[in-house]
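The primary structure of each chain is shown beneath.
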Amino acid sequence: MITTNAVLRVAPAAPDAAAAYFRASLALHADVSDVAAALAAGGDPGFVVVDSRSTESWDQGHIPGAVHLPTALIAEQAARLLDPAVPVVTYCWGPGCNGATRAALALAELGYRVKEMLGGFEYWVREGFAYETWQSTERRPADALTAPVDAADCGC
């Protein structure tokens with residue numbers, strides 16, 4: 001049977017291939033909600049968050065407790081700022097920016113275990129989590145298109 005449906009024009013992967021792909025994706029990525037929940041739980045979350053943006057961007061807003069390490073400075077400063085035994089979660093502006101991907105690659109090439117935070121700073125703010133600026137701590141209401149407004153989590 002020939003299908004003209006664009007979704008099925010290329011057949012879905014076999015379950016074992018799909019499982020391997022999605023397992024690998026989860027090994028390489030973390031989402032904003034999971035990072036926020038781990039940080040909010042108190043104590044050591046078992047990872048460090050790295051903001052790979054410029055100083056101007058960092059000053060505009062960043063995740064509380066994040067380490068500021070612009071991608072261009074990773075090679076010269078990572079060893080001073082990061083413990084190689086602690087996994088790293090990188091972020092940049094948002095889904096339209098691959099700065100966190102470049103930072104994750106640079107750190108992986110230096111031997112760090114690393115994940116990229118999907119959504120970046122944009123989704124951190126849009127999901128209603130607190131962030132710091134050079135002046136204060138701020139929080140915006142959750143955007144109903146990115147996070148549940150009346151529930152503790154999305155259930156996924």
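Computed from a predicted structure; not experimentally measured.

Describe the packing of aromatic side chains, naming the residues involved and giving the relevant values.
For any two aromatic rings, the description comes down to two numbers: the centre-to-centre distance and the angle of the planes. Tallying each qualifying case throughout the model produces four aromatic pairs. When the centroid spacing of 5.5 Å and the interplanar angle of 90° are considered together, the rings of Phe 121 and Tyr 131 count as edge-to-face. Separated by 10 residues along the polypeptide, Phe 121 in helix α6 (residues 120–126) and Tyr 131 in strand β6 (residues 131–132) bring together distant segments of the chain. Taking the relative accessible area as the measure of exposure, Phe 121 reaches 6% and is therefore buried. Considering the side-chain rings of Trp 124 and Phe 129, the 5.1 Å spacing of their centres and the 50° angle between planes classify their relative orientation as tilted. Look at Trp 124 and you get buried, because its relative accessible area is 4%. A network of ring pairs unites the aromatic residues Trp 93, Phe 121 and Tyr 131 as a single cluster. Over the ring of Trp 93 we find Arg 53; its NZ or CZ atom is 4.4 Å from the centre of that ring. Sitting over the face of the ring of Tyr 123, Arg 126 holds its NZ or CZ atom 4.9 Å from the ring centroid.

Hey, could you go over the pattern of salt bridges for me, with residue numbers and the actual values?
Scanning the entire structure with this criterion turns up three salt bridges. Close ionic contact of Arg 53 with Asp 51 constitutes a salt bridge, the shortest N to O distance being 2.7 Å. By relative accessible area, which is 3% here, Arg 53 ends up buried. Residue Asp 51 is classed as buried on the basis of its relative accessible area, which comes to 0%. Taking the shortest distance from any N to any O, the salt bridge between Arg 126 and Asp 143 comes out at 2.7 Å. In this pair, Arg 126 sits in helix α6 while Asp 143 sits in the segment after β7 (137–138), placing the two residues 17 residues apart along the sequence. Judged by its relative accessible area of 24%, Arg 126 is partly exposed. Since its relative accessible area comes to 23%, Asp 143 is described here as partly exposed. Through salt bridges with shared partners, one network takes in Glu 122, Arg 126 and Asp 143.

Go over helix α4 (residues 74–81) with me, naming the residues and quoting the values.
Inspection of α4 places Ile 74, Gln 77 and Ala 78 among the buried residues, and these make up the whole buried set. Buried residues of α4, viewed axially, fall in a sector of 120°; they line one side. Exposed and oriented more than 90 degrees from the buried face of α4 are Ala 75, Glu 76, Ala 79 and Arg 80. The inward-facing, buried residues of α4 abut α5 (99–109).

Lay out the environment of Lys 115 in plain terms, naming residues and giving numbers.
With respect to the element layout, Lys 115 can be found in strand β5 (residues 114–118). Residue classification places Lys 115 among the partly exposed positions, given a relative accessible area of 31%. In contact with Lys 115, other than residues within four places in its own chain, are Leu 26, Ala 27, Leu 28, His 29, Ala 30, Val 88, Val 89 and Thr 90. Reaching out from Lys 115, the side chain makes a polar contact with the backbone oxygen of Leu 26 at a distance of 2.9 Å.

Reading the values: rules and limits
- Per chain, residue numbering runs from 1 following the sequence as it is written.
- In keeping with the model being predicted, local features are shown solely for residues with a pLDDT of at least 70 and side-chain atom pairs are shown and tallied solely at 80 or more, while totals for entire chains, interfaces and linings include all residues.
- With hydrogens and water stripped out, all remaining heavy atoms of the structure feed into the side-chain values.
- Working definition: rings of Phe, Tyr and Trp (its six-membered ring) pair if their centres are within 6.5 Å, and the pair is stacked with planes under 30 degrees apart, edge-to-face with planes over 60 apart, and tilted otherwise.
- Here a strand is any run of E in DSSP of at least two residues, a helix any run of H or I of at least four, and the numbering for each starts at the N terminus.
- Partly exposed residues are those whose accessible area sits between 20% and 50% of the maximum for their type, while under 20% is buried and over 50% is exposed, using a 1.4 Å probe and protein chains only.
- Only Lys NZ and Arg CZ are tested; either one counts as a charge over a ring when it is within 6 Å of the ring centre and within 35 degrees of the ring normal.
- Here, a salt bridge means any Lys or Arg side-chain nitrogen found within 4 Å of an Asp or Glu carboxyl oxygen.
- Each C-beta atom gives one direction from the helix axis, and the arc is the one those directions make.
- Throughout, a residue-residue contact means that at least one pair of heavy atoms, one from each residue, lies within 4.5 Å.
- Definition of a polar contact: a pair of N or O atoms within 3.5 Å, with one able to donate and the other able to accept a hydrogen when the atoms are protein atoms, and with sequence-neighbouring residues admitted only if both atoms are side-chain atoms.

None of this, on its own, says anything about what the molecule does.
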